[in-house]
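Here is what each chain is made of, one letter per residue.
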Amino acid sequence: MFDEPFRWMEAISTRHSYVQEKLKKGQPVLAVPYKGGSLVMGFAAQPGKIFEVYDRIALGSLGHPADVERLRMTLLDMAHVEGFNRSDKDVTIARLLQFGIAPAMKQNFEEVMRAPYLVKLLFAEINFDNQPLFFRLNYDGHWETFKKGAVISGNEKESEWIQKQIEQTDFASLSLKQALKEACRLWEEGKKQSSPESEDADEQPTTLAEAFDRWTLEAAVLSTETERKVLYRVVAPDEIEPLKSAAK
Amino acid sequence: MSDKTDNYNNGSGDFIDLLERSGYSWPKAIAGLTSIDKAALTQGTTVLAFHFKGGAIVAGDRRATAGNSIMYDRCDKVIAIDDYSLMAIAGVPATAFEMARILAHNFEYYRRSQLQPLSTEGKIRALSKLLKDNMGLAMQGVGAVSPIFASYDKKEAKPYIYFYDILGAQFEIQTHTATGSGSPVIRGILEYEDLWGDQRLAERDFKQAAKLAIRLLQTAGQFDSATGQARPEDNIYPVIASITDQGYRFMPEDELAVLFQESTKRK
């Protein structure tokens, strides 16, 4: 079936289209720095977009929940075995991606007879110099690094616009409250920039008020202000409540 | 990807199981070992824990010995396992530190993978299981550990203190406990303080509790050569930690230096 190179390239191209179509409705997840660490946030109809991977690593995701879960568990296993066998200082996203999950995802994507992973992943990390780092991993294993923050979304236009805004915003000088507010604003503005890409796109919330009404805002921080070893903390409902009230 | 993932998780949240599948094995009893020079083994003493108002205090001296030799005077025998759990070790540090490392990864791995913290009961049993797995070495006299485990249960809003014997039996402590070679000296004082002191131990605030812990460890060091007394001139103080509804907290050195002077001042 794939004995001619063209057939294989065609299959890969079809696979890209298939995965992108499946991810089209994926809601944005933003990861940005703030004065006291890094913030990861996103709205979701079902909770399960933002997770803790290791002491200083957070994960944001969109896509099929089963695929997100499988990759999340693989990351957790790799991080914890490495942290135990060597040191927590040896557990970094760059190592987990470059030597662990990214090559495996690429291989998976190019094995066209196997089901592809329907995911996009976003990582935030605070390194041991207390500097924030951001990474984005695509379903085909391609990954990128960012200094000022990053976003993933199923809608390319939306993603590009929000990414541009993140690059232009000095999130690192904002307090957590301000950064969360600004990230929510970008989420809402991003919706306006994106053209509906699916038939039922108009059924999804496009304003903050609708999003707060129908979905859950998931948010977590990697805080450099804590004395604990584990920097990850879920943003508490009382920290989100003022935004919710203001959006109404 | 499937090969990689198949080698790893099975979704149980059990880190020890994951470690074993990754090639790790707990040291077993050594076949044919008839005798060992126990004086050559590094040992650690003395640690204590008791309930105070709002939490539990866990403290330890800093000395590690091998027979009559002082091996180290800056040993940290109170170890944070997770945000709400502390373990204090007495016995062979090589084994005890390994247990603490496994437990720390175990609890965090469970919490992160299962998206909920391990129950306090589960935490308590996890240490018991490690001690049982270590029975062979403990019985041969080369790896005995006698720990104290303290954890704050957020759901119950209550601190728990457990003492373990070297074979893994666990005992819940209502008031106070101590272990290690200096413990006989201070157990009596703790009991006396709880029954006939100015206040019950559980009614004392953190500062009063910390002062008592400092005095107890100084006293243990007076009568037990394997317990190290503080050396303020070298900034060596005992480790004083607490767990409350806010999680664990280790008393910083600058606070300890002041409290140590206050606690050891003669009347």
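Rules used throughout
- Residues numbered from 1 in each chain as written.
- Chains lettered and ligands numbered in written order.
- Predicted model: local features only at pLDDT ≥ 70, side-chain atom pairs only at ≥ 80, totals over all residues.
- Helix = DSSP H or I, 4+ residues; strand = E, 2+ residues; numbered from the N terminus.
- Rg over C-alpha atoms; globule rule 2.2 N^0.38 Å.
- Buried ≥ 20, exposed ≤ 12 C-beta atoms within 10 Å, placed from the backbone.
- Contact = placed C-beta atoms within 7 Å.
- Pairing = 2+ DSSP bridges.
- Axes fitted to C-alpha atoms, helices over the stretch in contact; angles between N-to-C directions.
- Nonpolar A, V, L, I, M, F, W, Y, C, P; charged D, E, K, R; others polar.
- Core = buried A, V, L, I, M, F, W, Y, C linked by C-beta atoms within 7 Å.
- Left-handed = near helix turned anticlockwise from the far one by under 90°.
- pLDDT = per-residue confidence, 0-100.

(A) Spatial organisation of the overall build of chain A. Looking only at helices and strands, one finds seven helices and ten strands in chain A. Over its C-alpha trace chain A gives a radius of gyration of 18 Å, about what one expects of a compact globule, namely 18 Å for 248 residues. When the backbone C-alpha atoms are referred to their principal axes, chain A occupies close to 60 × 50 × 30 Å. Looking at chain A as a whole, 44% of its 248 residues are labelled buried.

(B) Expanded view of the overall build of chain B. A count of helices and strands for chain B gives eight helices and 13 strands. Relative to the globule expectation of 18 Å for 267 residues, the C-alpha radius of gyration of chain B, 19 Å, shows essentially globular dimensions. Principal-axis analysis of the C-alpha atoms places the extent of chain B at approximately 70 × 50 × 35 Å. Within the span of chain B, comprising 267 residues, buried residues form 47% of the whole. Sequence-distant contacts, at least 24 apart, represent 67% of the contacts inside chain B between residues at least 6 apart.

(C) A look at the sheet that holds strand 3 (residues 55-60) of chain B. Residues and elements named next belong to chain B. Within the open sheet, the five strands sit side by side as 11-2-3-12-13. Their pairing is antiparallel. On the outer flanks of this sheet lie strand 11 (176-179) and strand 13 (247-250), each paired with one strand and no other. Shown here is a sheet whose adjacent strand axes are inclined to one another by a mean of 15 degrees, direction ignored. Pairing of strand 2 (residues 47-52) with strand 11 involves four bridges; the strand directions are antiparallel.

(D) Local environment of the environment of B:Val185. Residues and elements named next belong to chain B. With respect to the helices and strands, Val185 occurs in helix 6 (residues 183-196). Here Val185 falls in the partly exposed class, since 19 other C-beta atoms lie within 10 Å of it. If sequence neighbours within four positions are ignored, Val185 has contacts with Thr219, Ala220, Phe223 and Asp224.

(E) Just the interface of chain B and chain A, in detail. Each partner contributes to the interface: chain B provides 16 residues, whereas chain A provides 16 residues. Listed by contribution, the elements that provide at least two residues to the side of chain B that touches chain A are helix 1 (2-7), helix 2 (15-21) and helix 3 (93-114) of chain B. At five residues, the largest contribution of residues to the side of chain B that touches chain A is made by helix 3 of chain B. For the side of chain B that touches chain A, the per-class residue count stands at six nonpolar, six polar and four charged.

(F) How the structure looks around the nonpolar core. Formed by 145 residues in total, the largest nonpolar core has its most connected members in B:Ile57, B:Val58, B:Leu86 and B:Ala213. Residue contacts for B:Val58: discarding those within four places in its chain leaves B:Ala49, B:Val78, B:Leu86, B:Ala88, B:Ile148, B:Ala150 and B:Ala241.

(G) Quick peek at the packing of helix 3 of chain B against helix 4 (residues 120-133) of chain B. All names here are of chain B. Closest axis-to-axis distance for the helix 3/helix 4 pair is 11 Å, and the angle between their directions is 145 degrees. Judged by the sense of rotation from one axis to the other, the crossing of helix 3 with helix 4 is right-handed. In this structure, helix 3 uses Met99, Ile102, Leu103, Asn106 and Phe107 to contact helix 4, whose residues at the interface are Lys123, Ala126, Leu127 and Leu130. Of the residues that constitute the contact of helix 3 with helix 4, the class distribution is seven nonpolar, one polar and one charged.

(H) Expanded view of the pairing of strand 9 (residues 216-223) of chain A. All names here are of chain A. Counting buried residues along strand 9, six of its eight residues qualify, which places the element largely inside the surrounding structure. As paired elements, strand 9 and strand 10 (residues 232-234) share three bridges and run antiparallel to each other. Looking at strand 10, one finds that Ala220 is bridged to Val234.

(I) Fine view of the confidence of the model for chain B. Residue and element names in this part refer to chain B. The pLDDT averaged across chain B works out to 90; a share of 92% of its residues lies at or above 70. Here residues 1-5 is a poorly scored stretch, pLDDT under 50, and it has eight contacts once near neighbours within four places are set aside; other chains count. Reported confidences for the modelled complex are a pTM of 0.90 and an ipTM of 0.92.

(J) Geometry of the sheet that holds strand 10 (residues 170-173) of chain B. All names here are of chain B. On the basis of which strands lie adjacent, the open sheet formed by five strands has the order 6-7-8-9-10 and antiparallel pairing. Looking at which strands have only one partner, the edges of the open sheet turn out to be strand 6 (78-82) and strand 10. Going across the sheet, the axis of each strand differs from the next one's by a mean of 25 degrees, ignoring polarity. With four bridges connecting them, strand 6 and strand 7 (residues 85-88) associate as antiparallel partners.

(K) Highlighting the environment of B:Arg111. Residues and elements named next belong to chain B. Looking at the secondary structure, you find Arg111 in helix 3. By C-beta crowding, Arg111 is classed as partly exposed, having 17 other C-beta atoms within 10 Å. On a C-alpha basis, the gap between Arg111 and Val185 in space is 39 Å, while along the polypeptide they are 74 residues apart.

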